[in-house]
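Read off the chains here:
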Amino acid sequence: MTAQLVPDEILKKTDKILFIAHLALGDFTYLQNCFQAFAKAFPHIKIHIWVDEVRRTGKAEAWPFLKKYALYDWLAECPFVERIYQQTYSPALFEQSIAEAQRQDYPLVVSLSTLRPPMYATLARQISPRGFVAGMKKPFGMLAVHKRLAYRKLDAALDPDHGVRSGMHISEVYAGWFQQLFGMPAAGAERYPFVQIPEQWQSYAQNQLREWGFKYQAQPATGKLLFINPYAKNNKRCWPLERVVELVAALNQMDAWRGAHFIVNVVPEEMAHAQQFFAQHAGQRVRLFSAQENFFQLPAILSECDLIVSVETAVMHLANAVHVPVVALMRQKNPEWAPIDQERSVVIATASRRDWVKAITVAQVTEVLGR
């Protein structure tokens, strides 16, 4: 059996570790388990996390949106994470964060970044000139001298694709990284996503549903509550709003869904357009939702629903975390990102690997919902 990449003697004398990662909400949904397991395995080591913003830009007009990234709310509530570097969205703040991290004099830095791994190998060594540095290393050609020089800065290197099999879930891939790095095994049940929703946001969700007339009234509304998320960062993973309207109309004609109420998730930057669209096309039992104040607004609302329909983005993983059934609309391209809880999840995949999610029809969804 291959020895772990970070030696035991390093782990025994280390009092803090810096993980570097370009984290999306979906990534953290599963990596969170690994960080929590690390905290249990090495309780003497404090966990610090550098969240690198891959959309880093010098354009000031983009900073307010990047600054309010929902993941930061989630990380702030994690009891096993002591420090977060979250101001990396502008070049100046990026440099300030590097200087701040250098002052910590980290004895151990691990980069989990799979995009541009040579750049992150260099960053990890820049932050910790004297510490033990491990990071991702992908195969490269003989002429890629800059990559060779960057990877030489690592004390230990991990190929993120090593041991990855067809059909392996992303949570197993992440668990495999931590096993190779630290000798930490992870059983299947330990890879399921979880989210601890603070009480204030549970109350928020209940009050919002009461205000909408969906739940918690003196005379509660009848009918199921369905959450629909058609938005993703990538247009290839989005579902047209016209399909959402068609789905609502179709479900209103089905006995099992007659009288249902609908919450449509909208990303903040698209809310004005969505409001205009649904004002013309939707009825009184449709409400638009966006977690504009705090990340936990989203899982709190999700936990109150009877069913979630979502394109392939963080919402479908959060559905598993709050134990609500989900119908996931996915391309064939990334099956490793399917929801992990098969008992509560149904995946509707596109017919062709080249298809975008918009190729999935309303009829395909209603067929599943009618079962």
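All of these numbers come straight from a predicted model, not from anything done at the bench. (Residues numbered from 1 in each chain as written. Predicted model: local features only at pLDDT ≥ 70, side-chain atom pairs only at ≥ 80, totals over all residues. Heavy atoms only, no water.)

(A) Focus on the sheet that holds strand β4 (residues 108-111). Taken in spatial order, the six strands of this open sheet run β3-β2-β1-β4-β5-β6, and their pairing is parallel. Each end of this open sheet is capped by a strand with a single partner; those strands are β3 (83-85) and β6 (156-158). For this sheet, the mean angle separating the axes of adjacent strands, direction not counted, is 15°. When strand β1 (residues 16-21) meets β4, the two strands line up parallel, connected through four bridges. Opposite I20, over in β4, you have S111 as the bridge partner. (Pairing = 2+ DSSP bridges. Helix = DSSP H or I, 4+ residues; strand = E, 2+ residues; numbered from the N terminus. Axes fitted to C-alpha atoms, helices over the stretch in contact; angles between N-to-C directions.)

(B) The environment of V244, seen in detail. Structurally, the position occupied by V244 is in helix α10 (residues 241-252). V244 sits in the buried class, given a relative accessible area of 0%. Sequence-wise, V244 and Y151 are 93 residues apart; in three dimensions their C-alpha atoms are separated by 47 Å. Ignoring sequence-local partners within four residues, the contact set of V244 consists of I228, P230, W239, V264 and F278. (Buried < 20%, exposed > 50% of the residue type's maximum accessible area, 1.4 Å probe, protein only. Contact = heavy atoms within 4.5 Å.)

(C) Geometry of the state of the cysteines. Inspection of the entire model under this criterion finds zero disulfides. C238 carries a free sulfur, and the closest cysteine sulfur to it, the one in C305, is 20 Å from it. (Disulfide = S-S within 2.5 Å.)

(D) The arrangement of the packing of aromatic side chains in detail. In the structure shown here, the tally under the stated rule is 24 aromatic pairs. Arranged with centres 4.9 Å apart and planes meeting at 65°, the rings of F38 and F182 form a pair that is edge-to-face. In this pair, F38 is assigned in helix α2 (residues 25-41) and F182 in helix α8 (residues 170-182), connecting sequence segments 144 residues apart. Here F38 matches F182 in class, with each residue buried. Centroid distance W50 to F94: 6.0 Å. Interplanar angle 85°. Geometry classified as edge-to-face. Here the residue W50 occupies a position in strand β2 (residues 46-51), and F94 occupies one in helix α5 (residues 91-102), the gap between them amounting to 44 residues. Both residues of the pair, W50 and F94, count as buried. Site record: aromatic cluster; members linked through ring pairs are F19, F28, F35, F38, F42, W74, F178, F182, F295 and F296. K16 extends its terminal NZ or CZ atom over the ring of Y106, reaching a point 5.5 Å from the ring centre. Over the ring of Y69 we find R55; its NZ or CZ atom is 5.6 Å from the centre of that ring. (Phe/Tyr/Trp six-rings, centres within 6.5 Å; stacked < 30°, edge-to-face > 60°. Lys NZ or Arg CZ within 6 Å of the ring centre and 35° of its normal.)

(E) Focus on the packing of α5 against helix α6 (residues 117-127). The N-to-C vectors of α5 and α6 enclose an angle of 50°; their axes lie 8 Å apart at closest approach. On the basis of the axis angle, α5 is oblique to α6. Contacts from F94, I98, A101 and Q102 of α5 reach α6 at L123, Q126 and I127. By residue class, the composition of the contact of α5 with α6 is five nonpolar, two polar and no charged. (Parallel < 35°, antiparallel > 145°, perpendicular 65-115°, else oblique. Nonpolar A, V, L, I, M, F, W, Y, C, P; charged D, E, K, R; others polar.)

(F) Looking closely at helix α11 (residues 271-281). Restricting attention to buried positions, one finds in α11 the residues M271, A274, F277 and F278. All buried residues of α11 project into a common sector of 125° when viewed along the axis, lining one side. Of the exposed residues in α11, those oriented more than 90 degrees away from the buried face are A272, Q276, A279 and Q280. Residues of α11 that are buried sit in contact with α10, β8 (261-265) and β9 (286-289). (Arc of directions from axis to C-beta.)

(G) Main features of the sheet that holds strand β7 (residues 225-229). If you trace the six strands from one edge of the open sheet to the other, you get β9-β8-β7-β10-β11-β12, paired in parallel fashion. Edge positions in the sheet fall to β9 and β12 (345-349), since each has one partner strand and no second. On average, each strand axis in the sheet is tilted by 20° relative to the strand beside it, whichever way the strands run.

(H) Inspection of the pairing of strand β5 (residues 132-136) at higher detail. Across the five residues of β5, five count as buried, placing the element largely inside the fold. A crossover links β4 with its parallel partner β5, the connecting element being α6, and its sense is right-handed. In the sheet, β5 pairs with β6 via three bridges, with the strands oriented parallel. Bridge pairing links G135 to A157 in β6. (Right-handed = clockwise from strand over helix to strand, strands pointing away.)

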